[in-house]
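The residues making up each chain are set out below.
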Amino acid sequence: MPILLRTENLCKSFSGVVVLKDINISFEQGKCHVLVGENGAGKSTLIKMLCGAYTPTSGSMYFEDLPYQPKTSRESIEKGIRVVYQEFNLLPQMSVAENIFFDDLPRKKCGFVDFKKLYSQTQKILEKLGLDISAETIVSQLGIAHMQLVEIAKSISRKATMLILDEPTATLTPKEIERLFQIIIQLKDQGVTIIYISHRLNELKEIGDNISILRNGAVIKNCPISEVDNNEIVHCMVGREMENEYPFFDDVKPSDVMMEVKHLSTPIVKDVSFKLRRGEILGIAGLVGSGRTELLRAIFGADRLSSGEIAINNQNVHIKNPKQAVKAGISFITENRKDQGLILDFEISKNITLSTLNQHQKYGFINKKDELSSSESYRKELSIKSSSSEQFVRFLSGGNQQKVILGKWLATKADIILLDEPTRGIDVGAKYEIYLLLWELARQGKAIIVVSSDVNEVIGISHRIMVMSNGSVSGQVARADFDPQNILSLAYKNYL
Amino acid sequence: MNTKSITRSLLKEAGIGLALVLLVVLFALSHDKFLTVSNISNILQQISINTIIAAGMTFVILLGGIDLSVGSVLALSAVVGAKIMTEFGLPSDMAILFAVLGSVICGTLCGAISGAICEKWRIHSFIVTLGMLNIARGTALEVADARTIFGFPMSFNAFGAQTIFHIPVIFIVAVVIVIIGIVVLKKTVYGRMIYAIGNNEESVRLSGHNPKFYKIIAFAICGGATGLAAVMYMLRLNIANPILGVGFELNAIAAVVIGGTSLFGGKGSMLGTFLGACIMGVLGNGLLLIGLGDFTRQIITGVVIILAVILDTYRSRLEAKLTE
């Protein structure tokens with residue numbers, strides 16, 4: 001196969017700090033090239049250079065054997081290089097069709113947009129992707145998984161020689177992932193080169209042809225994917241052996257009931273009842289949009305309940321807003337870190353004390369010293385990779401940002417901890433640290449709920465799994481009966 | 001603190017400070033009356049009222065809001081205070097005390113009402129305060145019966161004309177307000193919340209706070225500052241009039257924006273606002289001194305506002321580079 005794009009001794013540094021050094025990778029045409037590495041290994045930086053967002057410090061790139069020096073992303077788009085980033089670039093108030101064809105809206109002779117043509121063209125693309133949504137749907141009404149697929153539709157609606165997918169499956173359910181993989185195979189057959197970034201090692205073999213493993217800004221391994229197994233990949237990525245992807249401690253056992261949810265309903269969640277015990281990690285599985293996030297939000301008082309009750313330590317509590325939830329000893333680590341968890345332009349210290357500022361004040365004045373020492377202790381405890389507590393959260397990697405949020409909630413010393421997709425988009429090493437932390441908390445007698453779309457993860461770390469389907473609980477499974485097949489069929493139960 | 005973070009914090013205000021110094025030097029060189037004690041005292045007197053209003057406005061803008069009603073609220077507060085002083089036959093000490101309280105409370109209430117409406121029905125403050133602009137003006141005209149109110153106690157009028165080492169008393173009040181503002185924004189829980197909400201309200205809510213409460217308070221602060229500004233205005237003019245303060249909202253917003261506070265909220269400082277108000281004042285005075293007409297002065301002021309914001313985008317880019 002001919003080489004579509006190759007890099008030669010590509011280097012990049014930011015203000016003297018080397019982020020990538022001597023990167024030599026060849027991307028074969030029509031192949032799926034997998035890129036793995038921990039957060040901060042330099043994957044995003046590499047992608048940004050390929051698409052012209054960053055200029056290399058030294059080294060060169062060749063597109064179809066001709067020197068390729070993109071200065072803007074427009075130049076890379078002209079070559080047909082398309083990127084689907086983890087963060088969406090959609091216009092939420094416009095329709096799916098308008099989003100997909102935004103750069104190139106079909107027009108009538110008089111210059112007005114030809115909506116008929118626009119919708120029919122879009123519908124064709126959507127069908128090709130097997131997406132059962134209308135071209136006229138407003139994007140903000142779509143779930144996060146559908147938004148992702150619209151992003152992909154957008155990038156392949158025009159000429160594409162290379163499609164770069166950054167963590168495309170992080171928000172997708174197994175069924176949607178399968179569809180995505182079919183699309184990728186289709187595209188490969190058409191000669192499109194795919195660069196695929198993912199933290200989910202199990203899926204790589206299904207679609208990957210070649211793999212490059214990055215660590216600390218250097219390529220550690222570069223080979224056909226068939227030549228490495230998962231253990232070796234992890235070993236190359238983290239530089240050490242990972243004994244077990246999902247830690248489980250038999251000695252941590254659930255004790256008495258901490259929280260009881262009785263017939264809880266919201267416009268989306270239907271009549272959910274369950275008990276949560278001290279020292280228990282309860283996993284909630286289900287498809288995206290099955291009401292898992294809404295359930296957590298309702299418990300936390302972020303959304304209003306239509307009916308139902310919540311009892312903590314056998315006492316009914318009426319939580320009307322997050323403020324009361326925090327008072328009642330509940331923490332909520334949201335799915336969307338940047339919009340619902342962090343203040344990006346605040347320092348690490350200020351983010352960590354966001355929920356507990358009242359402990360560091362006297363007469364309304366902040367005791368800066370006290371605040372810093374407290375946040376510093378959480379920064380150390382969670383080993384948040386940063387130069388100091390004064391570093392801005394915006395510039396941290398996903399895993400470290402998540403740790404900052406965890407620090408914020410650990411500081412509240414809450415007894416009930418709700419986590420929504422806590423490891424989404426986080427590298428293997430940081431994931432493992434978060435699992436260990438959850439176990440440590442369970443050992444201290446905290447009650448923990450983890451919502452996750454990654455079935456293996458839920459199975460790996462939960463004492464018990466509650467499956468949600470179409471807003472209601474379709475089953476509760478004890479650890480002895482964990483089985484991916486069973487959980488998935490429960491997840492689909494109420495949609496059939 | 002490493003060198004980078006020191007440079008960064010210097011950058012924040014240094015740009016505006018430098019611009020102010022340049023302006024002063026420029027005017028000092030072009031007119032020998034500019035740097036005289038009486039002219040400087042005059043400038044300080046002129047910028048005091050805008051400084052106080054802009055200080056309150058800074059809270060609202062840091063939250064990503066705006067208060068267009070301050071000019072009218074100033075008129076209403078002045079009229080209310082003036083009525084208290086002149087109509088109830090109180091002994092002059094009591095009259096002054098109640099007038100000051102009346103003005104400040106009137107302004108605070110107007111602000112709190114605007115804020116509460118914004119939060120209760122989730123309407124942008126631009127619209128709500130545009131409504132309040134008309135309501136307050138109408139009420140002021142109604143209360144004063146469209147007439148000028150005068151005849152304040154002698155001691156009140158005399159206090160307004162006082163200076164301490166040639167510094168007008170009302171400027172000292174303005175500086176005290178600015179200092180309180182700096183302390184509140186930098187040192188208190190409330191100030192932290194203002195910045196946090198301005199950056200990301202949902203994160204703050206989901207961290208267990210009630211942003212609506214903080215936001216309503218910010219509008220009340222802005223209104224209260226305006227009420228105080230109304231008292232200062234009466235001290236200067238020795239009258240009150242329901243058509244006072246027309247267009248003051250724009251001067252206050254200009255001072256805040258020149259001072260580097262982002263209209264999107266979350267970024268900015270009280271010191272910046274103060275320097276912004278100084279620039280506005282020095283510019284107005286200096287241009288008049290060198291003999292420019294009203295029209296030209298307005299044009300130049302407009303250009304400076306836009307220029308300030310353009311320069312600020314370069315400053316924040318430089319800042320971002322240093323942080324990277």
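Conventions we followed
Residues numbered from 1 in each chain as written. Chains lettered and ligands numbered in written order. Predicted model: local features only at pLDDT ≥ 70, side-chain atom pairs only at ≥ 80, totals over all residues. Heavy atoms only, no water. Domains from an automatic or database assignment. Contact = heavy atoms within 4.5 Å. Buried area = accessible area lost by both parts, 1.4 Å probe. Salt bridge = Lys/Arg side-chain N within 4 Å of Asp/Glu carboxyl O. Polar contact = N/O pair within 3.5 Å; in protein donor to acceptor, adjacent residues only side chain to side chain. Helix = DSSP H or I, 4+ residues; strand = E, 2+ residues; numbered from the N terminus. Nonpolar A, V, L, I, M, F, W, Y, C, P; charged D, E, K, R; others polar. Pairing = 2+ DSSP bridges. Axes fitted to C-alpha atoms, helices over the stretch in contact; angles between N-to-C directions. Buried < 20%, exposed > 50% of the residue type's maximum accessible area, 1.4 Å probe, protein only. Parallel < 35°, antiparallel > 145°, perpendicular 65-115°, else oblique. Left-handed = near helix turned anticlockwise from the far one by under 90°. 1 Å grid on protein atoms, 1.4 Å probe; cavity = no way out; pocket = protein on both sides within 12 Å on 5 of 7 lines; lining within 4 Å. Points joined across faces, edges and corners; volume = space filled by probe spheres on them. Arc of directions from axis to C-beta. Lys, Arg positive; Asp, Glu negative; His and termini not counted. Core = buried A, V, L, I, M, F, W, Y, C linked by side-chain atoms within 4.5 Å. Expected span 1.5 Å × (residues − 1).

**Here's the deal with the domain arrangement of chain A**
Residues and elements named next belong to chain A. Domain boundaries assigned for chain A yield domain 1 (3-238) and domain 2 (257-493). Taken together, the contacts link 18 residues of domain 1 with 19 residues of domain 2. A combined buried area of about 1,500 Å² lies between domain 1 and domain 2, and 58% of that area is made up of carbon and sulfur atoms. Across the contact surface, domain 1 and domain 2 share zero salt bridges. Applying the counting rule to domain 1 against domain 2 returns zero residue pairs in polar contact (both at pLDDT 80 or more). Taken together, the elements giving at least two residues each to the side of domain 1 that touches domain 2 come down to α5 (144-156), α6 (174-189) and α8 (230-238). The residue inventory of the side of domain 1 that touches domain 2, partitioned by class, reads seven nonpolar, six polar and five charged.

**Here's the deal with the sheet that holds strand β10 (residues 210-215) of chain A**
Residue and element names in this part refer to chain A. Taken in spatial order, the six strands line up as β7-β8-β9-β4-β10-β11 in an open sheet, and their pairing is mixed. One side of each edge strand has no neighbouring strand; the edge strands of this open sheet are β7 (81-84) and β11 (218-224). Strand after strand, the sheet turns through a mean of 15 degrees between neighbouring axes, direction not considered. Contacts from α5 reach β7 and β8 (162-166) within the one sheet, and its direction differs from that of β7 by about 175 degrees. Against the sheet, α8 touches β4 (32-37), β10 and β11, its axis set at about 30 degrees to β10.

**A few points about the interface of chain A and chain B**
Every contact between the two is made by 33 residues of chain A and, on the other side, 24 residues of chain B. Here chain A and chain B share an interface that buries about 2,300 Å² over both sides, 60% of which is from carbon and sulfur atoms. Inspection of the chain A/chain B interface yields three salt bridges. At the boundary of chain A with chain B, the tally comes to 14 residue pairs in polar contact (both at pLDDT 80 or more). Of the residues that constitute the side of chain A that touches chain B, the class distribution is 15 nonpolar, nine polar and nine charged.

**Examining the pattern of salt bridges**
For side chains of opposite charge, pairing can occur when their charged atoms come near one another. In total, this model carries 25 salt bridges over all chains according to the counting rule given. Salt-bridge contacts for Arg 6 of chain A lead to Glu 8 of chain A; the nearest nitrogen and oxygen are separated by 2.9 Å. Between Asp 303 of chain A and Arg 297 of chain A there is a salt bridge whose closest N-O contact spans 2.9 Å. Residue classification places Arg 297 of chain A among the buried residues on the basis of a relative accessible area of 14%. Because the salt bridges share partners, they merge into one network encompassing Arg 297 and Asp 303 of chain A together with Glu 202 and Arg 205 of chain B.

**Focus: the packing of helix α14 (residues 398-411) of chain A against helix α15 (residues 428-443) of chain A**
Residues and elements named next belong to chain A. Two numbers describe how α14 lies on α15: the axes approach to 10 Å, and their chain directions differ by 15 degrees. Classed by the angle they form, the pair α14 and α15 counts as roughly parallel. Judged by the twist between their axes, the crossing of α14 over α15 is left-handed. Two secondary-structure elements touch here, α14 through Gly 399, Gln 402, Lys 403, Leu 406 and Leu 410 and α15 through Ala 430, Glu 433, Ile 434, Leu 437 and Leu 441. Split into classes, the residues belonging to the contact of α14 with α15 amount to six nonpolar, two polar and two charged.

**Side note on empty space enclosed by the protein**
Rolled over the atoms, a probe as big as a water molecule pinpoints where empty space is left. Residue and element names in this part refer to chain A. Enumeration according to the criterion identifies six cavities of 30 Å³ or more in this entry. A volume near 110 Å³ is recorded for the largest cavity. A per-class count over the lining of the largest cavity returns one nonpolar, five polar and seven charged. Each pocket or cavity is described by its volume, and for the second largest cavity that value is around 70 Å³. If you trace the second largest cavity, you find it lined by Thr 173, Pro 174, Ala 285, Gly 286, Leu 287, Ser 452, Ser 453, Val 455, Val 467, Ile 487, Leu 488 and Ala 491. Only β14 (281-286) and α17 (484-493) provide two or more residues apiece to the lining of the second largest cavity. Element by element, the count of residues in the lining of the second largest cavity is highest for α17, at three residues. A class-by-class count of the residues in the lining of the second largest cavity yields eight nonpolar, four polar and no charged.

**Points about helix α6 (residues 154-161) of chain B**
All names here are of chain B. Residues Phe 156, Asn 157 and Gly 160 constitute the buried set of α6. Along α6, the residues classed as buried sweep out an arc of 95 degrees about the axis, all on the same side. Seen from the open side of α6, the exposed residues pointing more than 90 degrees away from its buried face are Met 154 and Ala 161. Along its buried surface, α6 packs onto α2 (37-62), α3 (70-87), α4 (92-121) and α10 (211-237).

**Observations regarding the side chain of Asp 166 of chain A**
Residues and elements named next belong to chain A. With respect to the element layout, Asp 166 can be found in strand β8. Lys 43 provides the closest opposite charge to the buried, salt-bridge-free Asp 166, at an N-O distance of 6.3 Å. Those residues in contact with Asp 166, other than ones at most four positions away along the chain, are Val 84, Tyr 85, Gln 86 and Ile 197.

**A short note on the nonpolar core**
The biggest cluster of nonpolar side chains holds 64 residues, and the ones touching the most others in it are Phe 274, Leu 295, Ile 299 and Phe 300 of chain A. Judged by nonpolar contacts, the second largest core, of 56 residues, contains Ala 54, Ile 61, Ile 170 and Cys 222 of chain B.

**Observations concerning α5 of chain A**
Spacing of three or four residues puts side chains on the same side of an α-helix, whose turn is 3.6 residues. Compared with the 18 Å implied by 1.5 Å per residue over 13 residues, the 19 Å span of α5 of chain A between its first and last C-alpha is a close match. The inward-facing, buried residues of α5 of chain A abut β7, α3 (96-100), α4 (115-128), β8 and α6 of chain A.

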